[in-house]
Amino acid sequence: HVISFDPGGTTTLRECVKKGLMKAEDLIVDNRWERELTNPKTFPGLSKEVDELIASDIGQKLGTIAIDGMTGLGGCCVEHVLEQEKQTNMRIQDWGVMLRKMLPVVKKFLTIKCTKVLIAHLQYTEQKGTEEVIAQMLVGGATKTHTPALFDEVYVTVTKDLSTSC
């Protein structure tokens with residue numbers, strides 16, 4: 001089951017089905033969120049959706065559930081915070097509001113009884129004065145460091161050839 005916030009992100013899955021690497025009937029893609037990324041009501045809608053998934057005990061029927069991706073979900077939360085705070089740009093204090101909204105939703109997501117996957121684009125930052133490069137989720141504020149800490153395991157994959165998805 002994929003909850004998709006990544007327009008076009010499900011293209012890879014369609015290619016895998018086409019190549020016979022997975023069965024279409026084994027895949028549920030909820031991509032309605034892709035069309036609503038700038039709608040301030042999308043983020044509260046996801047929170048409600050996660051509550052409904054938990055109540056339905058869908059985890060018993062699924063092997064894996066994924067949110068694709070954290071970058072789009074974070075953007076939805078930003079739109080929600082901006083509307084709530086009646087702002088057009090995020091102020092420093094709004095990033096704290098975003099964190100306080102995001103973490104409970106991710107924590108609820110983690111209670112679904114199956115394997116959970118959170119997909120995110122990465123942002124690389126070179127540390128001044130060293131050769132060290134830090135990779136963090138491409139999402140605003142402290143959400144990028146607090147969210148991975150909620151998971152038991154964190155993996156990073158790097159794509160080498162974008163012309164073949166599977």
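Treat the numbers as computed from the prediction; the structure is a model and nothing was measured.

K.L.:
How would you explain the overall build of the protein if you had to name every residue and give the values?
P.N.:
Regarding its fold elements, the protein presents 5 helices and 6 strands. Secondary structure elements of the protein occur, N-terminal to C-terminal, as β-α-β-α-β-α-α-β-β-β-α. Relative to the 2.2 N^0.38 estimate, which gives 15 Å for 166 residues, the radius of gyration of the protein is 17 Å and therefore close to what a compact globule would have. Looking at the 166 residues of the protein, the share that counts as buried comes to 35%. Partitioning the contacts of the protein with sequence separation of at least 6, the portion at a separation of at least 24 is 68%. Surface exposure of the protein reaches about 10,100 Å², of which carbon and sulfur atoms provide 54%.

K.L.:
Tell me about the nonpolar core, and please be specific about residues and values.
P.N.:
I3, F5, L46, I65, L73 and M98 are the most contacted members of the largest nonpolar core, which has 28 residues in total. Residue contributions to this core peak at 7 residues, all from helix α3 (residues 70-85). Those residues in contact with L46, other than ones at most four positions away along the chain, are I3, F5, W33, L73 and V105.

K.L.:
Could you give me a rundown of unusual backbone geometry, with the residues and numbers involved?
P.N.:
Across the chain, the bulk of peptide bonds are trans and the bulk of non-glycine residues have phi less than zero. Of the consecutive residues D68 and G69, the connecting peptide bond is found in the cis state with omega at 5 degrees. Tracing the backbone through its elements, the reader meets G69 in the loop between β3 (64-68) and α3. Although it is not a glycine, D57 adopts a positive phi angle of roughly 55 degrees. Turning to its location among the elements, D57 is positioned in the loop between α2 (42-55) and β3. With phi around 55 degrees, K86 is a residue other than glycine that occupies positive phi space. Structurally, K86 can be placed in the loop between α3 and α4 (92-109).

K.L.:
Outline the confidence of the model for the protein, supporting the account with residue identities and numerical values.
P.N.:
Across the protein, the average pLDDT comes to 87, with 95% of residues at or above 70. By mean pLDDT, helix α1 (residues 11-18) is the weakest element of the protein at 80, and α4 is the strongest at 94.

K.L.:
Describe the pattern of salt bridges, listing the residues and the values that go with them.
P.N.:
Overall, the coordinates contain 7 salt bridges when judged by the stated rule. Here D51 makes a salt bridge to K108, at a shortest N to O gap of 2.9 Å. With D51 in helix α2 and K108 in helix α4, the pair connects residues that are 57 residues apart, well separated along the chain. Judged by its relative accessible area of 24%, K108 falls in the partly exposed class. The partner of R91 in a salt bridge is E85, with the nearest N and O atoms 3.3 Å apart. Where salt bridges share partners, they join D30, R32 and E49 into one cluster.

Analysis parameters
All residue numbers here refer to positions counted from 1 along the written sequence of the relevant chain. Note on the predicted model: pLDDT of at least 70 is required for a residue's local features to be given, and 80 or more for side-chain atom pairs to be given and counted; whole-chain, interface and lining totals, by contrast, use all residues. The side-chain quantities take in all heavy atoms of the structure and omit both hydrogens and water. Each helix is a run of DSSP H or I of at least 4 residues and each strand a run of E of at least 2, with the numbering of both proceeding from the N terminus. We take the radius of gyration over the C-alpha atoms and set the globule estimate at 2.2 Å times the residue count to the 0.38 power. Burial status follows relative accessibility: with a 1.4 Å probe on protein chains alone, a residue under 20% of its type maximum counts as buried, one over 50% as exposed, and anything between as partly exposed. Note on contacts: a residue pair is in contact if any heavy atoms of the two residues lie within 4.5 Å. Residue exposure ignores everything except the shown protein chains as possible cover, and the areas themselves are Shrake-Rupley values with a 1.4 Å probe. Buried residues of nine kinds, namely Ala, Val, Leu, Ile, Met, Phe, Trp, Tyr and Cys, make up a nonpolar core once their side-chain atoms join them within 4.5 Å. The predictor's confidence in any single residue is recorded as pLDDT, a number from 0 to 100. Salt bridge, as used here: a side-chain nitrogen of Lys or Arg that lies within 4 Å of a carboxyl oxygen of Asp or Glu.

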